[in-house]
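Remarks on the overall topology
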Amino acid sequence: MKVIAIAAVGRNGVIGRGSELPWDIPEDMKFFRDSTRGQIVLMGRKTYDSLGKALPARRNAVITRNGSWSVSDAEVYADLSTALNVLKPAALAQEKTVFVIGGAEIYTLSLPFLDEVWLTEIDSDFEGDVFFPLYREGRFEAEGFVRAGVREQSDSASPFHYRFCVYQRSRPK
Ligand SMILES: NC(=O)c1ccc[n+]([C@@H]2O[C@H](COP(=O)([O-])OP(=O)(O)OC[C@H]3O[C@@H](n4cnc5c(N)ncnc54)[C@H](OP(=O)(O)O)[C@@H]3O)[C@@H](O)[C@H]2O)c1
């Protein structure tokens with residue numbers, strides 16, 4: 001059972017502009033859908049709001065400090081530890097992965113609990129106001145993580161160049 005953060009990130013660390021993604025990369029959207037389908041996804045309330053609804057065919061969990069916030073299509077938790085205390089045993093029992101799907105606040109909170117970080121690294125700088133934690137000049141530089149795998153894009157029609165990277169925890173949590 002793993003807890004994995006998955007994100008797409010610009011060279012300058014940007015992951016969002018307002019409530020939106022600053023790019024449209026269909027191959028990356030497909031990678032995200034294929035990776036998380038059938039798994040458990042955990043997100044911050046703002047990311048849920050930007051999606052507008054739960055992702056289909058996945059167990060969806062949202063964290064918020066607002067005790068009166070609720071939706072019919074996702075589980076709601078008051079903090080990350082409570083969420084992981086419920087979701088990790090469920091994932092273990094069902095041989096699933098817990099994917100942390102953003103945004104920046106939740107990626108930051110989840111860093112100590114992550115086994116891997118899957119980043120679609122885009123070779124362009126973007127204007128934006130939401131940043132992936134510890135991402136500088138085209139690389140994730142969190143202590144205790146190493147880049148373990150890289151796959152180049154296959155979609156030559158995209159105006160962007162990007163690669164799919166896996167960072168693995170190199171030391172115990
Ligand atoms: N590029 C990518 O792969 C990617 C992926 C996902 C999202 N994004 C982008 O990221 C942006 C959204 O990210 P964000 O950082 O602004 O928001 P976020 O992480 O999605 O959500 C933040 C919210 O989570 C809740 N929260 C945060 N810390 C908490 C804690 N300790 N305990 C309980 N609840 C807590 C709060 O909800 P309440 O305010 O309700 O209390 C907070 O406002 C958007 O631009 C989106 O497009 C990009």
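Keep in mind that what you see is a predicted model, and the values were worked out from it rather than measured.

What counts and how
Residues numbered from 1 in each chain as written. Predicted model: local features only at pLDDT ≥ 70, side-chain atom pairs only at ≥ 80, totals over all residues. Heavy atoms only, no water. Salt bridge = Lys/Arg side-chain N within 4 Å of Asp/Glu carboxyl O. Helix = DSSP H or I, 4+ residues; strand = E, 2+ residues; numbered from the N terminus. Buried < 20%, exposed > 50% of the residue type's maximum accessible area, 1.4 Å probe, protein only. Lys, Arg positive; Asp, Glu negative; His and termini not counted. Polar contact = N/O pair within 3.5 Å; in protein donor to acceptor, adjacent residues only side chain to side chain. Contact = heavy atoms within 4.5 Å.

1. Some details on the pattern of salt bridges
With the rule as written, the count across this model stands at 11 salt bridges. D34 is the salt-bridge partner of K30, the closest N and O atoms lying 2.6 Å from each other. Placement of both K30 and D34 in helix α1 (residues 26-36) is noted, with a separation of 4 residues, approximately one turn of the helix. One network of salt bridges, in which partners are shared, links E121, D123, R147, E152 and R163.

2. Looking at the side chain of D28
Inspection of the secondary structure assignment puts D28 in helix α1. Of the side chains with opposite charge, R151 lies nearest to the buried D28, which makes no salt bridge, at 7.9 Å. Looking at D28, its side chain comes within polar contact range of the side chain of T120, at 2.6 Å. Residues contacting D28, with those up to four places away along its chain left out, are A8, T120 and F164.

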